[in-house]
Amino acid sequence: MHFKLEATDSQGSARAGTISLDHGIVETPIFMPVGTVATVKGVHQRELREEINPDIILGNTYHLYLRPQTPILEKAGGIHKFMNWTGNILTDSGGYQVYSLSANRKIKEEGVKFKSHIDGSYHTFTPENVMEIQRTIGADIIMAFDECTPYPCDYNYAKRSMHMTHRWLDRCIKHLEKTPLKYDYDQTFFPIVQGSTYKDLRKQSAEYIASANAKGNAIGGLSVGEPAEEMYEMTQVVTEILPKEKPRYLMGVGTPINILENIALGIDMFDCVMPTRNGRNGMLFTAEGTINIKNKKWESDFSAIDPMGITWVDTEYSKAYLRHLFTVNEMLGRQIATIHNLGFYLWLVREARKHIVAGDFTPWKNQMVKQMDQRL
Ligand code: PRF
């Protein structure tokens, strides 16, 4: 993997760069659509490639390990072949899903014992086996096994958890060194900063993570219910410490406004279920603000879904028609909303990139944040 910084905003810390991986070049800042179980829900790979064209998408170790299960992915020749996606893929380690989805989890120094949310069966994730699983899934970027603390989190728990995440990181690195690649392309490993909402812990964690000298770094434990201002404060503390010449990934963030504010603080990579999940719920993100398409006010509004026309669905269908599809619970409605939202998110980060390169990111960002903070 190679990261090249191409431009930095003169009024802030926003950066434009490129990450070269074996399945193509990723232009940053980037938003990675979430494809939890080897599908970006509701979108054909062809639509994803031809209409939205993200340089990288995300999969989840926790889900893929449970279904279709690792041996099937190995037989397929890795996740790219299995799902017919020739672009880059990143897998999250399960360090978040295990806490948010499984029941009866027991966290110990050795690892996490958890009960599957699908059939109630018991499993254990350790830093070692999660590295093996990610080798077999075969994503281009693989993540350290961490503990994502909840919000709020008392100081002593956050501190103990952070130290355990650091020890787990050492185990991940040690194990990866003796776990060969399974396929004919490289995998890049990213460690994860934790430390809850405590500045001193965040600093300590960022220093520890930076000292691991990985090719890219991630920030976890944010966007878990804390006020946005607190998230931005933590991002800032951490980005001041993480090396400038390596990509920075803020995990699980966020709204379009969160994304622009964190780009301004020097984040390069994002992922979030919001455009897909909220889209399936009838929430549309636009440059003018958010739309609840289920609202009666759209019943006879025959104007285009989004006159900006970023993706073809935006002008092909009317608001009234899309509202109708949601009212009668037709799956086409959820598909259209998903394509629209992903198209918008990718447009937003590409636009941010253009403005960073052009040198007017900050005023553009401030204007966009004002505009998008409205309900239509
Ligand atoms: N750790 C991991 N994945 C994550 C998170 C984390 O803290 C978050 C927190 N927003 C999202 N996804 N491994």
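Residues numbered from 1 in each chain as written. Predicted model: local features only at pLDDT ≥ 70, side-chain atom pairs only at ≥ 80, totals over all residues. Heavy atoms only, no water.

### A word on the packing of aromatic side chains
Moving on, step 1. For the structure shown, the criterion picks out 13 aromatic pairs.
Moving on, step 2. When the ring of Phe-145 is compared with that of Trp-168, the centres are 4.9 Å apart and the planes differ by 15°; the resulting orientation is stacked. Remark: Trp-168 occurs in helix α7 (residues 155–177) and Phe-145 occurs in the loop between β10 (141–143) and α7; sequence separation between them is 23 residues. Grouping residues by exposure puts Phe-145 and Trp-168 together as buried.
Moving on, step 3. Both rings, one in Tyr-183 and one in Tyr-185, keep their centres 5.9 Å apart while their planes meet at 15°; by these two values the pair is stacked.
Moving on, step 4. Exposure remark for Tyr-185: the relative accessible area of 11% places this residue in the buried category.
Moving on, step 5. Residue placement shows Lys-113 over the ring face of Tyr-122; its charged tip is 5.1 Å from the ring centre. (Phe/Tyr/Trp six-rings, centres within 6.5 Å; stacked < 30°, edge-to-face > 60°. Helix = DSSP H or I, 4+ residues; strand = E, 2+ residues; numbered from the N terminus. Buried < 20%, exposed > 50% of the residue type's maximum accessible area, 1.4 Å probe, protein only. Lys NZ or Arg CZ within 6 Å of the ring centre and 35° of its normal.)

### Examining the site of the ligand
Moving on, step 1. In the vicinity of the ligand, the contacting residues are Asp-92, Ser-93, Tyr-96, Asp-146, Cys-148, Ile-192, Gln-194, Gly-220, Gly-221, Leu-222, Met-251 and Gly-252.
Moving on, step 2. Here a nitrogen atom of the ligand sits 2.6 Å away from a polar atom, N or O, in the side chain of Asp-92.
Moving on, step 3. Between a nitrogen atom of the ligand and a main-chain N or O atom of Met-251, the distance comes to 2.9 Å.
Moving on, step 4. A class-by-class count of the residues in the shell around the ligand yields 5 nonpolar, 5 polar and 2 charged. (Near = heavy atom within 4 Å. Polar contact = N/O pair within 3.5 Å; in protein donor to acceptor, adjacent residues only side chain to side chain. Nonpolar A, V, L, I, M, F, W, Y, C, P; charged D, E, K, R; others polar.)

### Topic: the sheet that holds strand β12 (residues 192–193)
Moving on, step 1. Read from one edge of the open sheet, 5 strands run β4-β15-β14-β13-β12, paired in parallel fashion. Edge strands, defined here as strands with exactly one partner in the open sheet, are β4 (30–33) and β12.
Moving on, step 2. In this structure, strand β13 (residues 217–219) lies alongside strand β14 (residues 248–250), joined through 3 bridges in parallel fashion. Bridge pairing in β14 links Ala-218 to Tyr-249. (Pairing = 2+ DSSP bridges.)

### Comments concerning the domain arrangement of the protein
Moving on, step 1. Taken domain by domain, the protein comprises domain 1 (2–271) and domain 2 (273–376).
Moving on, step 2. In this structure, domain 1 and domain 2 have C-alpha centres spaced 26 Å apart.
Moving on, step 3. With 37 residues of domain 1 at the contact, the number on the domain 2 side is 34 residues.
Moving on, step 4. Our count for the domain 1 to domain 2 interface comes out at 2 salt bridges.
Moving on, step 5. Note that Glu-6 and Arg-353 form a salt bridge whose closest N and O atoms lie 3.0 Å from each other.
Moving on, step 6. The tally of links from domain 1 across to domain 2 stands at 9 residue pairs in polar contact (both at pLDDT 80 or more).
Moving on, step 7. Where the side of domain 1 that touches domain 2 is concerned, the elements lending two or more residues are β1 (2–8), β2 (15–21), β3 (24–28), β4, α1 (45–52) and α10 (256–264).
Moving on, step 8. If one sorts the elements of the side of domain 1 that touches domain 2 by residue count, α10 sits on top with 7 residues. (Domains from an automatic or database assignment. Contact = heavy atoms within 4.5 Å. Salt bridge = Lys/Arg side-chain N within 4 Å of Asp/Glu carboxyl O.)

### A few points about the UniProt feature "binding site: substrate" (unreviewed entry) in the protein
Moving on, step 1. Here the UniProt feature "binding site: substrate" (unreviewed entry) sits at Asp-92, Ser-93, Gly-94, Gly-95, Tyr-96, Asp-146, Gln-194 and Gly-221.
Moving on, step 2. When neighbours within four sequence positions are excluded, Gly-94 is seen to be in contact with Thr-61, Tyr-62, Phe-125 and Phe-145.
Moving on, step 3. By the secondary structure assignment, Gly-95 is in the loop between β6 (88–92) and α5 (97–100).
Moving on, step 4. Assessed through its relative accessible area of 0%, Gly-95 is described here as buried.
Moving on, step 5. Apart from the residues within four sequence positions on either side, Gly-95 is in contact with Phe-145, Asp-146, Glu-147 and Cys-148. (UniProt positions renumbered as here; feature names shortened; annotations may be inferred.)

### Quick notes on the sheet that holds strand β5 (residues 56–60)
Moving on, step 1. Strand order in this open sheet of 4 strands is β5-β6-β10-β11, and the pairing throughout is parallel. Two strands bound the open sheet, and with one partner strand each, they are β5 and β11 (188–190). Mean inter-strand twist for the sheet, computed between neighbouring axes without regard to direction, equals 25°.
Moving on, step 2. As paired elements, β5 and β6 share 5 bridges and run parallel to each other. If you follow Ile-56 over to β6, its bridge partner there is Asn-88.
Moving on, step 3. Contacts from helix α6 (residues 127–137) reach β6, β10 and β11 within the one sheet, and its direction differs from that of β10 by about 160°. (Axes fitted to C-alpha atoms, helices over the stretch in contact; angles between N-to-C directions.)

### A closer look at the pattern of salt bridges
Moving on, step 1. Taken as a whole, this structure holds 12 salt bridges when the rule is applied.
Moving on, step 2. Among the salt bridges present, the one from Glu-233 reaches Lys-199, with a minimum N-O distance of 3.5 Å. You can see Glu-233 sitting in helix α9 (residues 228–239) and its partner Lys-199 sitting in helix α8 (residues 199–211), a full 34 residues away along the chain.
Moving on, step 3. The network of salt bridges with common partners includes Lys-4, Glu-6 and Arg-353.

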